[in-house]
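Residue strings, one per chain:
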Amino acid sequence: MKDKCAVFGVYAPGLRVANLIYFSLFALQHRGQESSGIAVSDGERLFVHKDMGLVSQVFEEKILEKLDGFIGIGHNRYSTTGRSSLQNAQPFLLESDIGPIALAHNGNLTNYQDLQKKLIEQGDTLQTTSDSEIIGKIFVSLKGKNLQERLVRTLSELSGAFSVVISTKDSLIGFRDALGIRPLCLGTLSKNGSSGWVISSESCALQTIGADFVREVEPGEAVIISKNGVVSLTAAAQKKRAFCIFEKIYFMRPDSISENELIYETRFRMGQELARESFVRADGVMPIPDSSVPAAIGFAYESKLPFFEGLIKNRYIARTFIQPEESLRKIGVRLKFNPLKEQLYGKKVIVVDDSIVRGHTTKAIVTLLKESGAEEVHLRITSPPIRHPCNLGIDMATHEELIANKKTVNEICSYLGADSLHYLSLDGLYKSSLKNADIHSARKKFCAACLTGEYPSIPDSQPHSLLQEPALNF
Ligand code: SF4
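These numbers come from a predicted model, not from an experiment.

**Student:** How should the overall build of the protein chain be read in this particular structure?
**Tutor:** Of the regular secondary structure elements, the protein chain holds 18 helices and 23 strands. For 474 residues, the compact-globule estimate of 2.2 N^0.38 gives 23 Å, and the protein chain sits close to it at 23 Å. Oriented by its inertia axes, the alpha-carbon framework of the protein chain measures out at about 70 × 45 × 40 Å. Within the span of the protein chain, comprising 474 residues, buried residues form 49% of the whole. Taking all contacts inside the protein chain whose residues are at least 6 apart in sequence as the whole, residues at least 24 apart take part in 73%.

Following this line, the structure appears as structure tokens:
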């Protein structure tokens, strides 16, 4: 499973922001590894640099030196709509009646084709195949008497999942879809006597640059940061939220905050719940590193079994550039993980992982553990079986490719070669996803469509009101 992009933005008069964005994109590299880009404004002009590859491959010091400005946005991309190419790399630069703007987007528009048709009919030309460009074109075409009105009109046109940052020449804007499908948060920054604001996909990037987390951008909210302070526009209240539950299970970094708690703590609770549901006698509990570590520690804590590491991840493989053929997939797994044979030999092990998509990698891992001497391998998964594809910004698999769509749990277990297999129940997942929340209220907060097949009903248009908070001064 691959997430779809990271966005980041800074408004900090008196500071050169390109380096801050660069380090933040490093912290958000897990959300997209195909291309990376930064756009900055010096108050008059916008400069952009973007290319294919990881943040470390796209930027070097002399490029960052040329990106001179106190407002800026950054983006790491993994493609969903639109192919992986430089043409589709973000941020997008667009001309508008308010000067040049740069835009970066995480998510997937569900009314992409309608909007594309509408733009073409009104004589617009599109340079890319990305739905993110559509958001920019809509923002540019829908003029209002001020920025607030333009934003209200833009938000009312968009459907689907979108967490967006925009840099105009003199302001930073961030907004999130009405269901809050992808994360977005707001922070403050104080450095060398200057202060400012940041907007980020995840709070882990705030820590990296010494910014402080303030709060999440609310579903349906837009914030405008300028010399006048911060103005918030709030959408008409949506009764239902649909935050992607896989952000909690897998995508977000464990040191990021969601719903006022660290993702680490949420995953720890998922592990505890899993242990309550599916205890088995074993010698120890190990994670598939790295995303399953907090859940495995939670499982070990609850089951009073020792936690241990049986696999060491090669942390320098950001991704396998050459995808192995089916027959060579085992080598791909070996490239990524080295077994600690002395830890595994003769042991009955509980292996905690976050999900099984097609099953190929899990099968190769079970084989690797057994070949390394594990006597029994009991798989424990912190999500229910994934039976449906995602249309909201996650590259998962088709119905046909999803192993849980074709096989029962017992059949999957025997295909994987495991001694037992248990998936966290849906109620168990809801219960552990929010601190002190009951299952009923948790259900209303999340999208779990890939597990249940119940896709959130995306509002066609999102009526927005103009609720202005008093400007917050720096
Ligand atoms: S379908 Fe699954 S992966 Fe997609 S947004 Fe919903 S919970 Fe997340």
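**Student:** Explain the site of the ligand to me, please; I cannot follow it from the model alone.
**Tutor:** The immediate surroundings of the ligand are formed by I181, C244, I245, F246, C390, L392, I394, C447, A448, A449 and C450. Here the residues of the shell around the ligand are counted per class, giving 11 nonpolar, no polar and no charged.

**Student:** Is there a simple way to explain unusual backbone geometry in this structure?
**Tutor:** When glycine is set aside, most residues are seen to have a negative phi, and most peptide bonds are trans. In this model, Q90 is joined to P91 through a cis peptide bond whose omega is 5°. Mapped onto the elements, P91 comes out in the loop between β4 (71-77) and β5 (92-94). The residue N192 is not glycine, and still its phi comes out positive at about 45°. We note that N436 has phi near 55°; this positive angle belongs to a residue other than glycine.

**Student:** Sorry, what's going on with helix α9 (residues 263-278) here?
**Tutor:** It helps to recall that an α-helix has 3.6 residues per turn; residues three or four apart then point in one direction. Along its 16 residues, α9 runs 22 Å from first to last C-alpha, staying within 8% of the 22 Å computed at 1.5 Å per residue. In terms of residue burial, α9 counts as a mostly covered element, since 12 of its 16 residues are buried. All of the buried residues in α9 are I263, T266, R267, F268, R269, M270, G271, Q272, E273, L274, A275 and S278.

**Student:** For this particular structure, what's the right way to read the sheet that holds strand β17 (residues 284-287)?
**Tutor:** To summarise the sheet geometry, strands pair through backbone hydrogen bonds and adopt either a parallel or an antiparallel arrangement. Reading across from one edge, β17-β20-β21-β22 is the order of the 4 strands in this open sheet, with parallel pairing throughout. A strand with exactly one partner marks an edge of an open sheet, and here the two such strands are β17 and β22 (420-423). Across the sheet, the axes of successive neighbouring strands diverge by a mean angle of 20°, strand direction being ignored. Bridge count between strand β21 (residues 376-381) and β22: 4 bridges; the pairing is parallel.

**Student:** Hey, could you run me through the sheet that holds strand β3 (residues 46-52) in this one?
**Tutor:** What the 7 strands build is an open sheet, ordered β3-β2-β4-β1-β10-β9-β11; its pairing is antiparallel. Of all the strands in the sheet, just β3 and β11 (212-216) have a single pairing partner and so form its edges. Averaged over all adjacent pairs, the angle separating strand axes in this sheet is 15°, with direction ignored.

**Student:** It is not clear to me how the pairing of β21 should be interpreted in this structure. Could you clarify?
**Tutor:** One face of the sheet, then the other: side chains in a regular strand alternate in exactly this way. Burial within β21 is extensive, with 5 of its 6 residues counted as buried. Here 6 bridges tie strand β20 (residues 348-353) to β21, and the two strands are oriented parallel to one another. Across the sheet, residue K348 finds its bridge partner in β21, namely E376. Traced from β20 through helix α13 (residues 360-371) to β21, the parallel crossover comes out right-handed.

**Student:** In this structure, what is going on with the domain arrangement of the protein chain? I would like to understand it.
**Tutor:** Domain annotation for the protein chain reports domain 1 (6-242) and domain 2 (261-437). Centre-to-centre, using C-alpha coordinates, domain 1 lies 34 Å away from domain 2. Across the contact, 13 residues belong to domain 1 and 6 residues belong to domain 2. Among the elements of the structure, β6 (101-109) and β7 (160-167) are those that each provide at least two residues to the side of domain 1 that touches domain 2.

**Student:** Mind showing me how you'd approach the environment of G196 here?
**Tutor:** As for its placement among the helices and strands, G196 is situated in strand β10 (residues 194-200). Considered as a pair, G196 and T398 are 202 residues apart in the sequence and their alpha carbons are 43 Å apart.

**Student:** Even after reading the chapter, I still don't get the environment of R443, so can you show me in this structure?
**Tutor:** Mapping R443 onto the fold places it in helix α17 (residues 439-443). Residue R443 is classed as partly exposed on the basis of its 17 C-beta neighbours within 10 Å. R443 sits 16 residues away from D427 along the chain, and the two C-alpha atoms are 8.7 Å apart.

**Student:** How should I be thinking about the confidence of the model for the protein chain in this particular structure?
**Tutor:** Low-pLDDT stretches of the model should not have their predicted coordinates read in fine detail. Averaged over all residues, the pLDDT of the protein chain is 90; the fraction at 70 or higher stands at 90%. Between residues 320-324, whose pLDDT stays under 50, and residues either more than four places distant or in other chains, the model counts 5 contacts. Of the regions scoring below 50 in pLDDT, residues 461-474 engages in 33 contacts with residues more than four places distant in sequence or in other chains.

The rules behind each value
Residues numbered from 1 in each chain as written. Predicted model: local features only at pLDDT ≥ 70, side-chain atom pairs only at ≥ 80, totals over all residues. Helix = DSSP H or I, 4+ residues; strand = E, 2+ residues; numbered from the N terminus. Rg over C-alpha atoms; globule rule 2.2 N^0.38 Å. Buried ≥ 20, exposed ≤ 12 C-beta atoms within 10 Å, placed from the backbone. Contact = placed C-beta atoms within 7 Å. Near = placed C-beta within 6 Å. Nonpolar A, V, L, I, M, F, W, Y, C, P; charged D, E, K, R; others polar. Expected span 1.5 Å × (residues − 1). Pairing = 2+ DSSP bridges. Axes fitted to C-alpha atoms, helices over the stretch in contact; angles between N-to-C directions. Right-handed = clockwise from strand over helix to strand, strands pointing away. Domains from an automatic or database assignment. pLDDT = per-residue confidence, 0-100.

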